[in-house]
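One letter stands for each residue in the lines below.
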Amino acid sequence: MNSDIKINDLRKVFKTDDKETVALENFSLDIREGELISIVGPSGCGKTTLLRMIAGLLEPTSGEVIIGDKKCEGPGPDRGMVFQEFALFPWRSVRRNVEFGLEIADVPKDERRERAMRYIRAVGLEGFEDHRVHELSGGMKQRVALARAMVTKPDVLLMDEPFGSLDAQTRNIMQMELLRIIEKTNSTIVFVTHSVDEAVFLSDRVVILTKRPASIKEIVDINLPRPRDRASEEFIKLRKHILQQLEDENVKLRADGNVLLDTD
Amino acid sequence: MESVIDKLMYDDENKIHRYTRSIIIIGVSLGIFILIWWNLSLLLKNPAVPTPMAAWDALVYLFANGDAVSGIGMWGHMGISLERFFAGLILAMVVAVPFGLLLGYSKTLEQFSSPTLEVLRPIAPIAWAPIFIFTVGYTWGPILVVFVGIFFPVLLNTIFGVRKIDPNWMDAAKTLGASKLQIFTKVMLPSAVPYVMNGMKVGMGIGWMCIVASELYASYGGGVGYFISIQAQMGYWPNVYAGIIIIAILGILTTTLADYIHKAVTKRMGME
């Protein structure tokens, strides 16, 4: 099935009693099936808001998200999500966490177990399937979250700073693991990150957002062969370019005088 | 010579040393308590304040020979009290947990019930004893008093537990396709369990006070509270103290049990 994502003129306004904040506007983007897109932007610019709207966890004020030829209304198992804080269920074992989506879909028990184990092996956690979440390290937890999101074979995988809370070394390992795991699946991935390095390392395209209200500042194609060499000239050039674009936005943000007031 | 002294020195990393230390502290603490009691008793020369020895003798005698006034043995009295206590506990859990889940889930329902609950909550459970005993009798009356005592802490903790749920868990469940009902049963329910257990722990402490108080008031049909009440009426003061000691010991046992269940369940749920 075709799982291209079309985002048409998305806009989100948050209303509180005394003010309106425009988080995102004029946001249109076409993402091809199987593409890995990274979203980078200044802190608090609305990256997570965008991702949550694609996930259906947040209702857009106007505009639409279309996957294949179906408009997205509310969350659904066609869009899996990986959260920064893992959001694993601590009362469930690793295997039962991964099985959650299959349980929801009423997959019979034996098949559930077999499919969950396949993904647990894929993320390199074989032998840990009966462990509890609190017994795992951060990197292992994120592997479980990845397996849980992928086991239902979603058309799109949405990742909200998934490696943000991991240490630098684990982070690099996880980036490589992610590429290895998705290689065979042809999943479309939308990846929100703070790290330009991560974006260049992983993505087919990097979408740079402006400061709030977020819209697209630039889309950078990353046409480097994988595995990518972080020390290569092209890599550093792309990184520098994106960082420069972000810095421009941060300068504007500082000029507005609200740089430290924004949080994600 | 030095090695002997080294061995006698307190070592915080040595398990036996730690246990010995806490046993000594508990022993000294209780010893001082008994000494104060003893002195008071000698000082006051009041029959309602017997010496600890007299209370101890009464306790031993009662366990060996039973209670002549009611014709029920001490184990019998304890059994009756515990039975009522656990009946009240089970009843409270069965009612308060589903109710709490519902009120935690629905803001409207919570707003609707909270005026009534806020009026009823501060009332000491024992205040209901006359009404309960008159309407449902000597067996169910005290059980209902215990029910009221345990109901509120369990209810409030359950509501709190549902409210405190990590929104990320809900979002994760939603993106995995869970329906509202599935979110309720597979996410809200399990995540509220540690809070329910905490409510039960608090409730059991209150419930144990409720059972003794309502038995003291009801003075019929057995139970440790009833035993104390009739012994006092007859002026058998050492027996009254024996009853109080039993209440203390059973109280410690029930709170220890509650603590254990709370810890075990929370650990099982991976939510320490």
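Every chain begins its residue count from 1, and numbering advances along the sequence as written. The order in which chains are written sets their letters, starting at A; the order in which ligands are written sets their numbers, starting at 1. Only residues with pLDDT of at least 70 are given local features in this predicted model, and only at 80 or more are side-chain atom pairs given and counted; all residues enter the totals for whole chains, interfaces and linings.

This brings us to the overall build of chain A. If you tally the helices and strands in chain A, you get seven helices and 10 strands. Put simply, the radius of gyration uses C-alpha atoms, and a globule should come to 2.2 Å times the residue count raised to 0.38. In summary, chain A has a C-alpha radius of gyration of 19 Å against a globular reference of 18 Å for 264 residues, a match within 12%. Taken along the three principal axes of its C-alpha coordinates, chain A extends 55 × 45 × 35 Å. Exposure in this text rests on C-beta crowding, where 20 or more other C-beta atoms within 10 Å of a residue's own make it buried, 12 or fewer make it exposed, and counts in between make it partly exposed. The C-beta atoms are placed from the backbone. Evaluated residue by residue, chain A yields a buried proportion of 43% over its 264 residues. Contact between residues is assigned whenever the C-beta positions, reconstructed from backbone atoms, fall within 7 Å. In chain A, of all internal contacts separated by at least 6 residues, the share reaching a separation of at least 24 is 71%. Working definition: helices are DSSP H or I runs of at least four residues, strands are E runs of at least two. Numbering for both runs from the N terminus.

What chain B contains, in helices and strands, is 10 helices and zero strands. Its C-alpha atoms give chain B a radius of gyration of 24 Å, more than 25% over the compact-globule value 19 Å for 272 residues. Principal-axis analysis of the C-alpha atoms places the extent of chain B at approximately 70 × 70 × 30 Å. Burial analysis of chain B (272 residues in total) assigns 35% to the buried set.

Residues and elements named next belong to chain A. In short, DSSP must find at least two bridges between two strands for them to pair. Taking strand neighbours across the sheet as the criterion, the four strands line up as β2-β1-β4-β5 in an open arrangement whose pairing is antiparallel. The sheet is open, and its two edges are formed by β2 (20–31) and β5 (70–71), each paired on a single side. Pairing analysis gives eight bridges linking strand β1 (residues 5–15) to β2, with the strands arranged antiparallel. Bridging across to β2, K15 finds its partner in E20.

With that out of the way, let us pick up the sheet that holds strand β8 (residues 188–192) of chain A. All names here are of chain A. In space, the six strands of this open sheet follow the order β6-β7-β8-β3-β9-β10, with mixed pairing throughout. In the strand order of this sheet, the two ends are held by β6 (79–82) and β10 (216–221), each with one partner. When the angles between neighbouring strand axes are averaged without regard to direction, this sheet yields 20 degrees. Note on geometry: axes are lines fitted to C-alpha atoms, helical ones only across the stretch in contact, with angles between N-to-C directions running from 0 to 180 degrees.

Turning our attention to the domain arrangement of chain B. Under the domain assignment used here, chain B contains domain 1 (2–44) and domain 2 (52–268). Source of the domain bounds: an automatic or database domain assignment. Of note, the centres of domain 1 of chain B and domain 2 of chain B, computed from C-alpha atoms alone, are 33 Å apart.

This part takes up the environment of G31 of chain B. With respect to the helices and strands, the residue G31 of chain B is situated in helix α2 (residues 15–44). G31 of chain B sits 130 residues away from G161 of chain B along the chain, and the two C-alpha atoms are 41 Å apart.

At the junction of the two partners, chain A supplies 22 residues and chain B supplies 14 residues. Residue assignment for the side of chain A that touches chain B shows that the elements contributing at least two residues are β6 and α2 (94–104) of chain A. Three residue categories are used. Nonpolar comprises Ala, Val, Leu, Ile, Met, Phe, Trp, Tyr, Cys and Pro, charged comprises Asp, Glu, Lys and Arg, and polar comprises the others, including Gly. Here the residues of the side of chain A that touches chain B are counted per class, giving 14 nonpolar, five polar and three charged.

Bringing the domain arrangement of chain A into the picture now. Residue and element names in this part refer to chain A. For chain A, the domain assignment lists domain 1 (5–78 + 155–258) and domain 2 (89–153). The C-alpha-based centres of domain 1 and domain 2 are spaced at 26 Å. Broken down by element, the side of domain 1 that touches domain 2 gets its largest block of residues, five residues, from helix α5 (residues 168–183).

This next bit is on helix α5 (residues 107–120) of chain B. All names here are of chain B. When the terminal C-alpha atoms of α5 are compared, their 20 Å separation across 14 residues agrees well with the 20 Å that a helix rising 1.5 Å per residue should span. To obtain the bend at a residue, axes are fitted to the seven residues ending there and to the seven starting there, and the angle between these axes is taken. Of all bends in α5, the biggest is about 45 degrees, found at S114, and the proline P115 comes one to four residues later. Little of α5 is tucked away: zero of the 14 residues are buried. Here, expected helix span is obtained from the residue count minus one, scaled by 1.5 Å.

We now examine the nonpolar core. A set of buried residues qualifies as a nonpolar core if it consists of Ala, Val, Leu, Ile, Met, Phe, Trp, Tyr and Cys joined through C-beta atoms within 7 Å. Ranked by size, the top nonpolar core spans 77 residues in total, and within it I39, A145, A147, L158, V190, F191 and I242 of chain A carry the most contacts. Per-element tally for this core: the top contributor is helix α4 (residues 138–150) of chain A, with six residues. Once you skip the residues sitting within four places of it in the chain, V190 of chain A turns out to touch I31, I37, I39, L51, I54, V156 and L158 of chain A. Judged by nonpolar contacts, the second largest core, of 52 residues, contains F85, I143, V154 and M197 of chain B.

This brings us to helix α3 (residues 52–65) of chain B. All names here are of chain B. With 14 residues, α3 extends 20 Å from end C-alpha to end C-alpha; this agrees with the ideal 20 Å at 1.5 Å per step. Every buried residue of α3 is listed here: A55, A58 and L62. Projected down its long axis, α3 shows its buried positions confined to an angular sector of 60 degrees, all on one face. Within α3, the exposed residues directed more than 90 degrees away from the buried face are M53, V60 and A64. For α3, the secondary structure elements touched by its buried residues are α4 (74–105) and α10 (237–268). G66 sits one or two residues past α3 and shows a positive phi near 80 degrees. The reported arc concerns the directions from the helix axis to the C-beta atoms and nothing else.

Once that is clear, we can look at the environment of W38 of chain B. All names here are of chain B. As for its position among the elements, W38 is in helix α2. With 13 residues separating them in the primary sequence, W38 and T51 have C-alpha atoms 5.3 Å apart. If we ignore the near neighbours within four places in the chain, the residues touching W38 are T51 and P52.

Further remarks concern the packing of α4 of chain A against α5 of chain A. Residue and element names in this part refer to chain A. The geometry of α4 relative to α5 is characterised by a closest axis approach of 10 Å and an angle of 20 degrees between their N-to-C directions. Looking at the two axes, α4 sits roughly parallel to α5. α5 is crossed by α4, and the crossing has right-handed handedness. The segment α4 lies against α5, with G138, G139, Q142 and L146 engaging T170, I173, M174 and I181. Classifying every residue of the contact of α4 with α5 gives four nonpolar, four polar and no charged. Throughout, the term roughly parallel applies to angles under 35 degrees, roughly antiparallel to angles over 145, roughly perpendicular to angles from 65 to 115, and oblique to all others. Each crossing gets its hand from how the near helix is turned against the far one by less than a right angle, where anticlockwise is left-handed and clockwise is right-handed.

A separate point is the environment of N239 of chain B. Residue and element names in this part refer to chain B. Along the chain, the position of N239 falls in helix α10. In this structure N239 comes out as buried when scored by C-beta crowding, with 25 C-beta atoms within 10 Å. Separated by 178 residues in the primary sequence, N239 and Y61 place their C-alpha atoms 9.4 Å from one another. Among all residues touching N239, those that are not within four sequence positions of it are A58, L62 and Q231.

Attention now goes to unusual backbone geometry. In this structure, P213 of chain A follows R212 of chain A across a cis peptide bond, with omega equal to -5 degrees. With respect to the helices and strands, the residue P213 of chain A is situated in the loop between β9 (205–209) and β10. Each neighbour pair has its own omega, and for R226 of chain A with P227 of chain A the value is -5 degrees, a cis peptide bond. Relative to the helices and strands, P227 of chain A is located in the loop between β10 and α7 (233–256). Although it is not a glycine, E161 of chain A adopts a positive phi angle of roughly 40 degrees. Position of E161 of chain A relative to the elements: it lies in the loop between β7 (156–160) and α5. Unusually for a residue other than glycine, K45 of chain B sits at a positive phi of about 50 degrees. Looking at the secondary structure, you find K45 of chain B in the loop between α2 and α3.

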